[in-house]
Amino acid sequence: MTEQKQFTEINKIPALTWNWLKMNRATLSVETERDVACERKEVTATKKGEVAYVHLDFEDGKTYAHEQVVVAEEDSELTVIVDYGSSLASGGFSTVRTRLVAKPRSKIHLVKVQLLGDGFVQIDETAGECADGASIQVTQVELGGSQIFAEVKADLNGVGSSFKSDTAYFCKKNQFFDFNYVVNHYGKQTDTKMNVKGVLADSGKKTYRGTIDFKNGCAGATGDEQEEILLVSPNVVNKSIPIILCGEESVSGTHGATIGRLGAEELFYFQSRGITEAEATKIMSYAKVMSVAQLVPDETLREKVRKYVEE
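Residues numbered from 1 in each chain as written. Predicted model: local features only at pLDDT ≥ 70, side-chain atom pairs only at ≥ 80, totals over all residues. Heavy atoms only, no water.

J.: Help me understand helix H3 (residues 299-310), please; the structure alone is not making it clear to me.
T.: Two residues of an α-helix separated by three or four positions point the same way, owing to the 3.6 residues in each turn. For H3, built from 12 residues, the straight-helix expectation of 16 Å at 1.5 Å per residue is met to within 8% by its first-to-last C-alpha distance of 16 Å. Of the surrounding secondary structure, the elements contacted by the buried residues of H3 are strand E6 (77-85), strand E8 (107-115), strand E10 (135-142) and helix H2 (277-293). Between the side-chain oxygen at the start of H3 and the backbone nitrogen of Thr-300 there is a gap of 3.3 Å, and the oxygen is on Asp-298. (Helix = DSSP H or I, 4+ residues; strand = E, 2+ residues; numbered from the N terminus. Expected span 1.5 Å × (residues − 1). Contact = heavy atoms within 4.5 Å. Polar contact = N/O pair within 3.5 Å; in protein donor to acceptor, adjacent residues only side chain to side chain.)

Now the structure itself:
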């Protein structure tokens, strides 16, 4: 048995802009199975150097609801690797919710590698909070699926806490990717660094929202967000909205975006070495994704990403 589900408030930005831009939020109408396969996993670190693997295997036509709760106790270090996998021809619907709690002076590195089949629709939500001196790092690689909605939120509550994210995507065929990153600075001397690198090909469509919010009282906080987008088709649609909100005077925030095709100098460099424009585009597309994938601390998973991109 199936049912039609409506989602009207996906990836909503904290400071709304003009509605005609159609970037304030995402909506979704999707047909799902009534029977939902649910799985909840808890991971706790008590010392440094701990690593946990979470493999999520998706079958064709099914509906899933996954949840992970990750806690790093004081002075601990934890790497959590979440691997999403299915056959390339499969489809279905899934929600994934991940909660991160970084206690004082702890470190969490969350890695998410999504290699779903061409028909999957997924809503992926990550929410984290940092205490004094704690840090959260998120490495996210989005390659598969039909419609992917990925949100990452972090609250930097403690003094000297930090957040860093590195995201890579390859949006191809008729894929639609929708990203929303929000970091709230509450603590003093907190720091954010967000980097996004992606490729838009064929008739792919992508929306990226990135918000750094300096709350009143976060004196000495710093933030930077950068996006690099390679366009390899005239039929793609890209929407980017970097936002810096400032409720505190003594802060420093920057953002930037590089969007376009291969430049004349780059093409000349390749062609002078006997490499055609088509081959050069493939090389640069591969490089965009792999520059982030190399941050995945698992050689087997990096190899899966490499093969997926090459194919």
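J.: What should I look at first to understand the nonpolar core in this one?
T.: Nonpolar side chains tend toward joint burial in soluble globular proteins. Residues Val-80, Ile-136, Phe-163 and Tyr-169 are the most contacted members of the largest nonpolar core, which totals 47 residues. Look past the residues within four positions of Ile-136 in its chain and what remains in contact with it is Leu-100, Ala-102, Ile-108, Gly-128, Glu-129, Cys-130, Ser-162, Phe-163 and Lys-164. Val-113, Ala-168, Phe-170 and Ala-201 belong to the second largest nonpolar core, which has 24 residues in total. (Core = buried A, V, L, I, M, F, W, Y, C linked by side-chain atoms within 4.5 Å. Buried < 20%, exposed > 50% of the residue type's maximum accessible area, 1.4 Å probe, protein only.)

J.: Any chance you could explain the sheet that holds strand E17 (residues 237-246) here in plain terms?
T.: Backbone-to-backbone hydrogen bonds pair the strands of a sheet. The strands run either parallel or antiparallel. In space, the eight strands of this open sheet follow the order E3-E5-E7-E9-E11-E13-E15-E17, with parallel pairing throughout. Edge positions in the sheet fall to strand E3 (36-45) and E17, since each has one partner strand and no second. Averaged over all pairs of adjacent strands, the angle between strand axes in this sheet comes to 5 degrees, irrespective of strand direction. One ladder, built from 10 bridges, connects E3 with strand E5 (residues 63-72); its direction is parallel. (Pairing = 2+ DSSP bridges. Axes fitted to C-alpha atoms, helices over the stretch in contact; angles between N-to-C directions.)

J.: Just to check I follow, could you spell out the packing of aromatic side chains for this structure?
T.: A ring pair, where both rings are aromatic, is described by two values, the distance of the centres and the angle of the planes. Taken as a whole and judged by the stated rule, the model has nine aromatic pairs. Ring centres of Phe-58 and Tyr-84 lie 6.4 Å apart, and the angle between their planes is 5 degrees; this geometry places the pair in the stacked category. With a gap of 26 residues between them, Phe-58 in the loop between strand E4 (50-57) and E5 and Tyr-84 in strand E6 connect regions that are remote in the sequence. In this structure Phe-58 comes out as buried when scored by relative accessible area, which is 3%. Among the residues examined, Tyr-84 registers a relative accessible area of 1% and is labelled buried. Both rings, one in Tyr-169 and one in Phe-177, keep their centres 6.4 Å apart while their planes meet at 85 degrees; by these two values the pair is edge-to-face. (Phe/Tyr/Trp six-rings, centres within 6.5 Å; stacked < 30°, edge-to-face > 60°.)

J.: Sorry if this is basic, but what is going on with the side chain of Lys-288 here?
T.: Inspection of the secondary structure puts Lys-288 in helix H2. Residue Lys-288 is classed as buried on the basis of its relative accessible area of 16%. Within the structure, Lys-288 has its side chain in polar contact with the side chain of Glu-228 (distance 2.9 Å). Apart from residues lying up to four places away in sequence, Lys-288 is in contact with Ala-168, Lys-197, Val-199, Glu-228 and Leu-230.

J.: Quick question: what am I supposed to make of the packing of H2 against H3 here?
T.: Geometrically, a packed helix pair is captured by the angle between its two axes and the distance between the axes. Running from N to C, H2 and H3 cross one another at 170 degrees; their axes reach a closest spacing of 11 Å. Judged by the angle between their axes, H2 and H3 are roughly antiparallel. Between H2 and H3 lies a crossing whose hand is right-handed. Along the contact surface, H2 presents Tyr-286, Val-289, Met-290 and Ala-293, while H3 presents Arg-302, Val-305, Arg-306, Val-309 and Glu-310. Among the residues making up the contact of H2 with H3, the classes are represented as six nonpolar, no polar and three charged. (Parallel < 35°, antiparallel > 145°, perpendicular 65-115°, else oblique. Left-handed = near helix turned anticlockwise from the far one by under 90°. Nonpolar A, V, L, I, M, F, W, Y, C, P; charged D, E, K, R; others polar.)

What is shown is where atoms sit, not what they do.
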